[in-house]
Amino acid sequence: SMTAQVTEKVQCSHSEEGQLLRVELHSPKGNVIDLDVIHALSAIWNDAKKNPRLKALMLCGAGEHFSFGSSVPEHRADQVGQMLPLFHQCVRALCELNIPSFAILHGSCLGGGLELAAGCTYLYATPDAKLAQPEIKLGVFAPLGSILLPWRIGGRALDLLVSGRTLVALEAKELGLLSVIEPEPEVACLAFIRKHILPLSASSLRFAERVARRSLARALNEDLPAIEKLYLEELMATPDASEGIEAFLAKRPPRYQGEGG
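Here the residue index of a chain counts from 1 through its sequence in written order. Totals for whole chains, interfaces and linings use every residue, but because this is a predicted model, local features are given only for residues with pLDDT of at least 70 and side-chain atom pairs only at 80 or more, for both listing and counting. Remark: hydrogens and water are excluded; side-chain values derive from all non-hydrogen atoms of the structure.

1. Digging into the packing of helix α3 (residues 77–95) against helix α10 (residues 214–234)
For any two helices packed against each other, the geometry comes down to the angle between their axes and how far apart the axes lie. Whenever a helix is involved, its axis is fitted only over the stretch in contact; in every case the axis is a line through C-alpha atoms, and angles between N-to-C directions fall within 0 to 180 degrees. Note on conventions: DSSP H or I runs of at least 4 residues are helices, E runs of at least 2 residues are strands, and numbering of each starts at the N terminus. Two numbers describe how α3 lies on α10: the axes approach to 11 Å, and their chain directions differ by 170 degrees. It follows that α3 is roughly antiparallel to α10 by the angle criterion. Residues Val80, Gly81, Leu84, Pro85, His88, Arg92 and Cys95 of α3 form the contact with α10, whose own contacting residues are Leu216, Leu220, Asn221, Leu224, Glu228, Tyr231 and Leu232. Residues belonging to the contact of α3 with α10 are distributed by class as follows: 9 nonpolar, 3 polar and 2 charged. Roughly parallel covers angles under 35 degrees, roughly antiparallel covers those over 145, roughly perpendicular covers 65 to 115, and oblique covers all other angles. Any pair of residues with heavy atoms lying within 4.5 Å of one another is described as a contacting pair. Throughout this entry, Asp, Glu, Lys and Arg are counted as charged residues, while Ala, Val, Leu, Ile, Met, Phe, Trp, Tyr, Cys and Pro are counted as nonpolar. The remaining residues, Gly among them, count as polar.

2. Concerning the packing of helix α2 (residues 35–49) against α3
In the contact formed by α2 and α3, the axes pass within 9 Å of each other and the chain directions differ by 30 degrees. Taken together, the axis directions place α2 and α3 in an arrangement best described as roughly parallel. The interaxial crossing formed by α2 with α3 has left-handed handedness. Of the residues in α3, those in contact with Leu35, Ile38, His39, Leu41, Ser42 and Trp45 of α2 are Gln82, Met83, Leu86, Phe87, Cys90, Ala93 and Leu94. Its residues assigned to classes, the contact of α2 with α3 shows 10 nonpolar, 3 polar and no charged. We call a crossing left-handed when the near helix sits turned anticlockwise from the far one by less than a right angle, and right-handed when that turn is clockwise.

3. Structural notes on the nonpolar core
Nonpolar core, defined: a set of buried Ala, Val, Leu, Ile, Met, Phe, Trp, Tyr and Cys residues in which side-chain atoms within 4.5 Å join the residues together. Whether a residue is buried, partly exposed or exposed follows from its accessible area with a 1.4 Å probe, protein chains only, as a fraction of its type maximum: under 20%, in between, or over 50%, in that order. Residues Leu41, Trp45, Leu105, Leu116 and Leu131 are the most contacted members of the largest nonpolar core, which totals 67 residues. If we skip the residues at most four places from it in the chain, leucine 131 touches Leu105, Cys109, Leu114, Arg165, Thr166, Leu167, Ala172, Leu177 and Leu178. Judged by nonpolar contacts, the second largest core, of 12 residues, contains Cys60, Tyr124, Cys189 and Leu198.

4. Things to note about the sheet that holds strand β9 (residues 180–181)
For two strands to count as paired, DSSP must find a minimum of two bridges between them. If you trace the 6 strands from one edge of the open sheet to the other, you get β1-β2-β3-β4-β6-β9, paired in mixed fashion. The sheet is open, and its two borders are formed by β1 (10–15) and β9, each paired with just one other strand. Relative to strand β4 (residues 101–105), strand β3 (residues 56–61) runs parallel, the two being bridged by 3 bridges. What sits directly across from leucine 57, in β4, is serine 101.

5. Let's talk about the pairing of strand β6 (residues 122–125)
When β4 meets β6, the two strands line up parallel, connected through 4 bridges. Residue pairing across strands places leucine 105 opposite alanine 125, the latter belonging to β6. The pairing of β6 with β9 spans 2 bridges and is classified as parallel. From the neighbouring strand, tyrosine 124 faces β9, where its bridge partner is valine 180.

6. Here's the deal with the pairing of β1
Sheet topology note: the β1/strand β2 (residues 20–25) ladder contains 6 bridges and is antiparallel. Its bridge partner being in β2, serine 13 is matched across the sheet by arginine 22. Where β1 folds back onto β2 in an antiparallel hairpin, the turn is made up of 4 residues, including glutamate 16, whose phi is positive at roughly 50 degrees.

7. Notes on α2
To estimate how far a helix should extend, the number of its residues minus one is multiplied by 1.5 Å. Compared with the 21 Å implied by 1.5 Å per residue over 15 residues, the 21 Å span of α2 between its first and last C-alpha is a close match. Turning to α2, its buried residues number three or more, namely Leu35, Asp36, Val37, Ile38, Ala40, Leu41, Ile44, Trp45 and Ala48. Whenever two N or O atoms come within 3.5 Å, that pair is a polar contact, provided that in protein one can donate a hydrogen and the other can accept it, and provided that, for residues adjacent in sequence, both atoms are side-chain atoms. At the N-terminal end of α2, a side-chain oxygen is found 3.2 Å from the backbone nitrogen of aspartate 36, two or three residues along, and the residue is aspartate 34.

8. Observations regarding the sheet that holds strand β8 (residues 167–168)
What the 3 strands build is an open sheet, ordered β5-β7-β8; its pairing is mixed. In this open sheet, the two strands that pair with only one neighbour each are β5 (108–110) and β8. Here strand β7 (residues 130–132) pairs with β8 via 2 bridges, running antiparallel. Bridging from a neighbouring strand, lysine 130 pairs with valine 168 of β8.

9. Side note on the pattern of salt bridges
Each reported salt bridge corresponds to a side-chain nitrogen of Lys or Arg within 4 Å of a carboxyl oxygen of Asp or Glu. Counted according to the given criterion, the structure contains 12 salt bridges. A salt bridge links aspartate 34 to lysine 9; the nearest nitrogen and oxygen atoms lie 2.6 Å apart. Residue aspartate 34 is located in the loop between β2 and α2, and its partner lysine 9 is located in the loop between α1 (2–8) and β1; the two are separated by 25 residues in the primary sequence. Note on aspartate 34: relative accessible area 15%, which makes it buried.

10. Examining a positive patch on the surface
A cluster of basic residues, Lys49, Arg210, Arg214 and Arg218, forms a positive patch at the surface. Relative accessible area serves as the criterion here: at 52%, arginine 210 is assigned to the exposed category. A patch consists of residues whose relative accessible area exceeds 30% and which take part in no salt bridge; residues with like charges are grouped when within 9 Å of each other, and nonpolar side chains (Val, Leu, Ile, Met, Phe, Trp, Tyr) when within 5 Å. The accessible surface values rely on the Shrake-Rupley method and a 1.4 Å probe; as for residues, cover is taken only from the protein chains in view. Two residue types count as positive, namely Lys and Arg, and two as negative, namely Asp and Glu; His and chain ends fall outside the count. Charge coordinates come from a single atom per side chain, which is NZ of Lys, CZ of Arg, CG of Asp or CD of Glu.

Laid out in structure tokens, this is it:
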């Protein structure tokens, strides 16, 4: 059935007497965030919000990579109008859970994968992790990244959004994007949660998260709808946006016209 297929791509489990929720992206080979994954995550956030016992959430990726990011075929002009608003809602819901959240990164963490991780409170990574917001290389831009990355690292985010270049873990930590680099990030993360988070009040933690994220909430509320509209109505009307996506899917260099913008 469809339901079983959807949940296979995202798996979750509770531990620490139900105070910790572990969510794992589980679709080989690169845990691509497609509509199935977006719906599954949204349902998980919805349940988490209603669980007053939860004090921490861990977001992981199965296999060799955290996530290659959003599904590129779903970025095509005929599908992006459905996918993009749902993905934005999904990451907003994560940001508005107000539960301390920990992204555990390894391998590649790209595009929508980085946007999802950047919505978390803490970012842990292995030394070999690679992070990038490479949308510009596909002739488009990263709406959530354009809000979340400056919120996290200020003006230093500009370079990542404009060049789309890949950061190794150490460089990402120097920029303040990663909290911790550890060979076994999940072990280190669990130790931190047990020591610093679990002794605290679940209800007070939600207030602390909510007020600490207030400027982000304002940006998601006020700026994201305008940026989303710009993406769908103006960016997608340029020939280069479609060319970048199609060239990527055809594994050929894009032939940009230099028009629009």
